[in-house]
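Structure at a glance
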Amino acid sequence: MSATQLSGKAGEMSNLISTAPAGAAAYVKSFHPDWPASFIKSALMTTAFDMIHTGDPGREVSYGSGQIDPLKAINPGLVYHTYTEDYISMLCNVGLDAKNIRLITNRSCPSKITLHWVHIL
């Protein structure tokens, strides 16, 4: 059933769409209660599949990671651990100015970037 069928109006989004990833995350968390949120997000993203295979790489990534598969995410093989500093480094490296970095994070850009390792499960 599509969001349009649920809402009854074309172009109107249903809250059901945004709750699906939260439900999938809760499902994965039930199997791995010790996993931090970044492990769960990574597991859902790295086990997702293309929603519509068009052969156009630009269009493929417009759907984000794709269609999540909670069953595969239970045992993803590896997960990426992200920290607050990773997000701050990303904001600094995409050109956000120091004033806005401080406003958003209450921190400064790091003087060096620390690489965090992939966790193989």
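Residues numbered from 1 in each chain as written. Predicted model: local features only at pLDDT ≥ 70, side-chain atom pairs only at ≥ 80, totals over all residues. Heavy atoms only, no water.

1. Regarding the nonpolar core
Rule in force here: Residues enter a nonpolar core if they are buried and are Ala, Val, Leu, Ile, Met, Phe, Trp, Tyr or Cys, with the set joined through side-chain atoms within 4.5 Å. Between buried and exposed lies partly exposed: a residue is buried under 20% and exposed over 50% of the maximum accessible area for its type, with that area taken using a 1.4 Å probe on protein chains only. Under the scheme used here, helices are H or I runs from DSSP no shorter than 4 residues and strands are E runs no shorter than 2 residues, and both carry numbers assigned from the N terminus.
Counting nine residues, the largest nonpolar core is built from A24, V28, W35, F39, I40, A43, L44, A73 and V79. Those elements that place two or more of their residues in this core are α2 (15-31) and α3 (37-46). No other element matches α3, which puts four residues into this core.

2. Concerning the packing of aromatic side chains
Put simply, the rule reads: Side-chain rings of Phe, Tyr and Trp, where Trp is taken by its six-membered ring, are said to pair if the distance between their centres is within 6.5 Å; with planes under 30 degrees apart they count as stacked, over 60 as edge-to-face, and otherwise as tilted.
Counted under the stated rule, the structure contains two aromatic pairs. Between the aromatic rings of W35 and F39, the centroid separation amounts to 5.9 Å while the plane-to-plane angle is 75°, which identifies the pairing as edge-to-face. Taken as a pair, W35 and F39 share a single burial class, namely buried.

3. Concerning the pattern of salt bridges
Put simply, the test is: Put simply, a salt bridge is a Lys or Arg side-chain nitrogen that is within 4 Å of an Asp or Glu carboxyl oxygen.
Scanning the model with the defined rule gives one salt bridge in all. R107 is paired through a salt bridge with E85; the nearest N and O atoms lie 3.0 Å apart. Here the residue R107 occupies a position in the loop between α7 (98-105) and β2 (118-120), and E85 occupies one in helix α6 (residues 84-93), the gap between them amounting to 22 residues. For E85, a relative accessible area of 41% corresponds to the partly exposed category.

4. Digging into the confidence of the model for the chain
We apply this condition: Every residue is assigned a pLDDT by the predictor, reflecting its confidence on a scale from 0 to 100. Any two residues whose heavy atoms approach within 4.5 Å are treated as being in contact.
Confidence in the prediction of the chain, expressed as mean pLDDT, is 78, and 70% of residues score 70 or more. When the elements of the chain are averaged for pLDDT, helix α1 (residues 3-7) gives the smallest value, 41, and helix α5 (residues 70-73) the largest, 94. Note on residues 1-16: pLDDT is under 50 here. Beyond four places in sequence and across chains, it has nine contacts.

5. Concerning a nonpolar patch on the surface
Stated precisely, the cut-off is as follows: Residues enter a patch when their relative accessible area is above 30% and they make no salt bridge; the linking distance is 9 Å between like charges and 5 Å between nonpolar side chains (Val, Leu, Ile, Met, Phe, Trp, Tyr). Per-residue and other accessible areas were derived by the Shrake-Rupley procedure at a 1.4 Å probe size, with only the shown protein chains allowed to occlude residues.
A cluster of nonpolar side chains, Y27, F31 and L71, forms an exposed patch at the surface whose accessible area comes to about 310 Å². Assignment of secondary structure puts L71 in helix α5. Overall, L71 belongs to the exposed group, its relative accessible area being 62%.

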